[in-house]
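Per-entry structural report
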Amino acid sequence: MRLDKYLADILNLSRTDAKKIIKQKKVSVNEEISTNTNLIIDEINDIIKVDNIKMEYKKYIYLMLNKPRGYLSATFDKSDHTVIELIPNNFKMKDLSIVGRLDKDTEGLLLLSNDGSFIHNLTSPKKHISKKYYVEYSGTLKENACELVKEGINIDNEYTTLPGLLEPINNNSAYITIYEGKFHQVKKMFEYLNTKVTYLKRVKIGNLELSNLKMGETKELTNEELEKLKG
Ligand code: URA
């Protein structure tokens, strides 16, 4: 990989700015200052330092964000705030994608990655990865709501949800676990059950729970957490 591309990727710089820091003699390759922007480096084995700080090259990144309401699950939007604005610059790798969107007014566990096969494994409709939500609602749930969720609910005459799990907490809150991720699915299911969702938060994907991140905070997944998503 070219040195300027490497620096642009890892430091989230434009190519022009990457070339600039090379010309400014801030970059060393294997302990020797390099001013050659075209230099081909081995990103795995060469030791690259910027201002004497060793760069850790990672091809793939796996992030967990505690999404606040008011942000679109998108990488760019002309008028709305997007979750990408919440990601610290050092994590803003190229090609970062959102793994399973949340509505603008939904909070909670959102994953982002640039690893295509990881994204596919979690979002493919064939994989049936579980998603657990904490829901607050107005109205009274149908008496047999738990059975209906377990049997599958017909949404808009278009599809029937896979058997899910409804766990009421009290008269206006519950947990629901679903196994697909259709547009507004939880809201539509609660509508079918005679209620209206007033607050929605994703708390778990597969075996991975939202850790105690503050609202709007991001962290890299540990290997142990990644294993939980595979298991
Ligand atoms: N179901 C919804 O209705 N909205 C979400 O954001 C996620 C699941």
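Residues numbered from 1 in each chain as written. Predicted model: local features only at pLDDT ≥ 70, side-chain atom pairs only at ≥ 80, totals over all residues. Heavy atoms only, no water.

Looking at the nonpolar core
- In terms of nonpolar packing, the biggest core is built from 34 residues, with L166, I176 and F190 touching the most fellow members.
- Here this core spans two domains, and each of domain 2 (62–125 + 207–230) and domain 3 (130–205) adds at least three residues to it.
- Excluding anything up to four places from it in sequence, F190 contacts V135, Y137, L141, L166, I176, T195 and V197.
- Counting 16 residues, the second-largest nonpolar core is a separate cluster that includes Y62, M64, I119 and L229. (Core = buried A, V, L, I, M, F, W, Y, C linked by side-chain atoms within 4.5 Å. Buried < 20%, exposed > 50% of the residue type's maximum accessible area, 1.4 Å probe, protein only. Domains from an automatic or database assignment. Contact = heavy atoms within 4.5 Å.)

Describing the packing of helix α1 (residues 3–11) against helix α2 (residues 15–23)
- Here α1 crosses α2 at 115 degrees, and the two axes come no closer than 8 Å. Regarding the angle of α1 to α2, the classification is roughly perpendicular. The hand of the α1/α2 crossing is right-handed. Two secondary-structure elements touch here, α1 through L3, D4, K5, L7, A8 and L11 and α2 through R15, A18, K19, I21 and I22. (Axes fitted to C-alpha atoms, helices over the stretch in contact; angles between N-to-C directions. Helix = DSSP H or I, 4+ residues; strand = E, 2+ residues; numbered from the N terminus. Parallel < 35°, antiparallel > 145°, perpendicular 65-115°, else oblique. Left-handed = near helix turned anticlockwise from the far one by under 90°.)

Structural notes on the layout of surface pockets
- By volume, the largest pocket amounts to about 700 Å³.
- Lining the largest pocket are 34 residues, with R101, E180, G181, K182 and F183 sitting closest to its centre.
- Counting residues per element, the ones that place at least two in the lining of the largest pocket are α3 (116–123), β8 (131–138), β10 (159–160), α5 (185–192) and β13 (196–205).
- The class makeup of the residues in the lining of the largest pocket is 16 nonpolar, 10 polar and 8 charged.
- The two domains that each donate at least three residues to the lining of the largest pocket are domain 2 (62–125 + 207–230) and domain 3 (130–205). (1 Å grid on protein atoms, 1.4 Å probe; cavity = no way out; pocket = protein on both sides within 12 Å on 5 of 7 lines; lining within 4 Å. Points joined across faces, edges and corners; volume = space filled by probe spheres on them. Nonpolar A, V, L, I, M, F, W, Y, C, P; charged D, E, K, R; others polar.)

A few points about the domain arrangement of the chain
- Assigned domains within the chain: domain 1 (3–54), domain 2 (62–125 + 207–230) and domain 3 (130–205).
- Using only C-alpha atoms to locate each centre, domain 1 and domain 2 end up separated by 28 Å.

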